[in-house]
Amino acid sequence: MIYIYNLMIKVMKEEMNLKKIWKEKNVGVNSKINLSRKEILSLRRKRESQLTGSVKSAVITGLSIKFTLLVAIVVFTLMAFELGNLIFSISVLFLITAGSIIYDLYLLKLIAGMNNYADNFESRLSKLNDFLSVHIPVFQIVNSLSTPVMIILGMFYYHFLKYSKFEFRAVDDVIVFVSVTLIGYAISYIAGKYSLNAFRNEARDLLDSGNDQDAIADYEAKRRKNRRKRLLISLIILFTGITLLVLLLLA
Amino acid sequence: MDEIVEKIYSNQDILNRICFSFFNEKADREDLFQEIVYRVLKAYGDFNHKSSFSTWLYRIALNTAITYRKKKRHVFLGDENQSFIADKSGDYDMDEDIALLYRAISKLNRVERAIILLYLDEYSYREIAEITGYSSSNISVKIHRIKKKLHDLYIQFND
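J.: Is there a simple way to think about the overall build of chain A in this case?
T.: A count of helical and extended segments in chain A gives nine helices and zero strands. When the helices and strands of chain A are read in sequence order from the N terminus, they spell out α-α-α-α-α-α-α-α-α. Counting only residues that meet the buried cut, chain A has 22% of its 251 residues in that class. Sequence-distant contacts in chain A: of pairs separated by 6 or more residues, those separated by 24 or more amount to 84%.

The following block contains the structure:
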């Protein structure tokens, strides 16, 4: 009992000592860096942090491409209004592109939220965790859709401007069309995956650096759940794409 | 704008302590210091005066320090062979006790460092909970654990 009491007293004293050292001997540290008022004011012009910059620029580039595609779809619809067999396909392309634009705008809003440094840091790390485990993988899937949309639309334009109609003349045409579209999606997906890897690693490292086991477990659970979700979304996209191509073939 | 400049000017001691706890290299500390000041200037428009300025400043500064990454990654990880007193930049004239304490702090992970800084600067558990976003009971447990770890490290370095 006396031993425990002495131990407690010892711990309390040492604890007080650490606080005392901190309070009394920090004088040299407190004024190590000392900016003038003018220097403080000039820092307002300093550039933005790079942490979310790579993702933000990827989203903005993706948005520009999608807006261009949307305009191209509208122009094609006006030009080829009489081609009844393409109305369904064009509508699907329009919906995919418009949906991607809405998702990108939502992502930009999330990024702005992540840059709120006045938030408490548990909340910021949690937002980062969500962004990393949920939104980045979905962004990759959604963003990669621009390439197949571009290929299909390009094909429509080519056929319409050259033949004033769109139809497959042989089975080979269908195979080439489907293959090119799928390869386009795959290349775009893989390229996107690598371009976002740096950000993913940086963010993951940041979460790990807290050594907060709950946060890491939460991240892993979300990642596993999201992997299933990604597989489902990919299958839906694949099924939709194949259905669209079959419908085109039958039209 | 003059008001915030004046407030930052008179609270630079807090920023110095945070920078010293997170980075060893002088250049890295200066970069972090500037990044924090920039973040504070940028966020000041949203400061609602519900908490004190120093609490709000601490929150932004720690957020920045935790998430701030250097390209060269000179993150101070408390290398056994690296002493605060023998820093390469040669800008130390620190008391040995405080150098040891900073060295012990540098062995903690970034979130632990943030919490112990607030504790050493005598913020209440409620205020620390508010700044970090953890519950008060969670903070109490964390602080107990970090204090023990810090104390052990300090004794170890002091021997």
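J.: Help me out: how do you make sense of the overall build of chain B in this one?
T.: On a plain count of helices and strands, chain B comes out with eight helices and zero strands. Secondary structure elements in chain B, listed N-terminal to C-terminal, are α-α-α-α-α-α-α-α. Looking at chain B as a whole, 45% of its 159 residues qualify as buried. Taking as baseline every contact in chain B between residues at least 6 positions apart, the subset at least 24 positions apart corresponds to 67%.

J.: Explain the interface of chain A and chain B here, please?
T.: A common way to report how large an interface is uses the accessible area buried once the components associate. The interface is formed by 36 residues belonging to chain A together with 48 residues belonging to chain B. Every element with two or more residues in the side of chain A that touches chain B is listed here: α1 (2-24), α2 (27-30), α3 (37-42), α6 (121-144) and α8 (171-209) of chain A. Element by element, the count of residues in the side of chain A that touches chain B is highest for α1 of chain A, at six residues.

J.: Even after reading the chapter, I still don't get the environment of valine 111 of chain B, so can you show me in this structure?
T.: Along the chain, the position of valine 111 of chain B falls in helix α6 (residues 110-120). Overall, the presence of 22 C-beta atoms within 10 Å leaves valine 111 of chain B in the buried class.

J.: Teacher, can you tell me more about the packing of helix α5 (residues 87-114) of chain A against helix α7 (residues 146-163) of chain A here?
T.: Helices that pack against each other are described as a pair by the angle of their axes relative to one another and the distance between those axes. Residues and elements named next belong to chain A. Their axes nearest at 11 Å, the elements α5 and α7 cross at an angle of 150 degrees. When the axis of α5 is compared with that of α7, the two are roughly antiparallel. α7 is crossed by α5, and the crossing has left-handed handedness. Seen from α5, the contacting residues are Leu93, Ile96, Thr97 and Ser100; seen from α7, they are Ser146, Val149, Ile152 and Leu153. Partitioned by chemical class, the residues of the contact of α5 with α7 number five nonpolar, three polar and no charged.

J.: Just to check I follow, could you spell out the confidence of the model for chain B for this structure?
T.: Detailed reading of the predicted coordinates is not advisable wherever pLDDT falls low. Residue and element names in this part refer to chain B. Of all residues in chain B, 84% attain a pLDDT of 70 or more, and the chain-wide mean is 80. Below a pLDDT of 50 lies the segment residues 71-90, which in the model reaches 26 contacts outside its immediate sequence neighbourhood of four places, other chains included. Across the interface, the model reports ipTM at 0.78; the global pTM reads 0.62.

J.: How do you make sense of α5 of chain A when you look at a structure like this?
T.: Given 3.6 residues to a turn, an α-helix orients residues that are three or four positions apart in the same direction. Here α5 of chain A contains 28 residues, and its C-alpha end-to-end distance of 41 Å stays within 8% of the 40 Å for a straight helix at 1.5 Å per residue. Turning to α5 of chain A, its buried residues are Leu93, Ile96, Thr97, Ser100, Asp104 and Leu107 of chain A.

J.: How should unusual backbone geometry be read in this particular structure?
T.: For residues that are not glycine, phi is negative in most cases, and the peptide bond is trans in most cases. Non-glycine residue glutamate 122 of chain B carries a positive phi angle of around 65 degrees. Along the polypeptide, glutamate 122 of chain B turns up in the loop between α6 and α7 (125-132).

J.: Would you explain α6 of chain B in this entry?
T.: All names here are of chain B. Most of α6 is tucked away: eleven of the eleven residues are buried. Turning to α6, its buried residues number three or more, namely Arg110, Val111, Glu112, Arg113, Ala114, Ile115, Ile116, Leu117, Leu118, Tyr119 and Leu120. In the segment just after α6, glutamate 122 is the residue with positive phi, at about 65 degrees.

J.: Just to check I follow, could you spell out the nonpolar core for this structure?
T.: Within soluble globular proteins, side chains that are nonpolar generally end up buried alongside one another. Val37, Val40 and Ala61 of chain B are the most contacted members of the largest nonpolar core, which totals 55 residues. Grouped together as the second largest cluster of nonpolar side chains are 23 residues, Ile73, Ala80, Leu93 and Ile136 of chain A included.

J.: What's the story with the environment of tyrosine 189 of chain A in this structure? I'm lost.
T.: Residue and element names in this part refer to chain A. By secondary structure assignment, the location of tyrosine 189 is in helix α8. When the C-alpha positions of tyrosine 189 and glutamine 140 are compared, they lie 6.3 Å apart, and in sequence the two are 49 residues distant. With residues up to four places along the chain from it excluded, the contact list for tyrosine 189 reads Gln140 and Ser144.

Basis of the calculations
Residues numbered from 1 in each chain as written. Chains lettered and ligands numbered in written order. Predicted model: local features only at pLDDT ≥ 70, side-chain atom pairs only at ≥ 80, totals over all residues. Helix = DSSP H or I, 4+ residues; strand = E, 2+ residues; numbered from the N terminus. Buried ≥ 20, exposed ≤ 12 C-beta atoms within 10 Å, placed from the backbone. Contact = placed C-beta atoms within 7 Å. Axes fitted to C-alpha atoms, helices over the stretch in contact; angles between N-to-C directions. Parallel < 35°, antiparallel > 145°, perpendicular 65-115°, else oblique. Left-handed = near helix turned anticlockwise from the far one by under 90°. Nonpolar A, V, L, I, M, F, W, Y, C, P; charged D, E, K, R; others polar. pLDDT = per-residue confidence, 0-100. Expected span 1.5 Å × (residues − 1). Core = buried A, V, L, I, M, F, W, Y, C linked by C-beta atoms within 7 Å.

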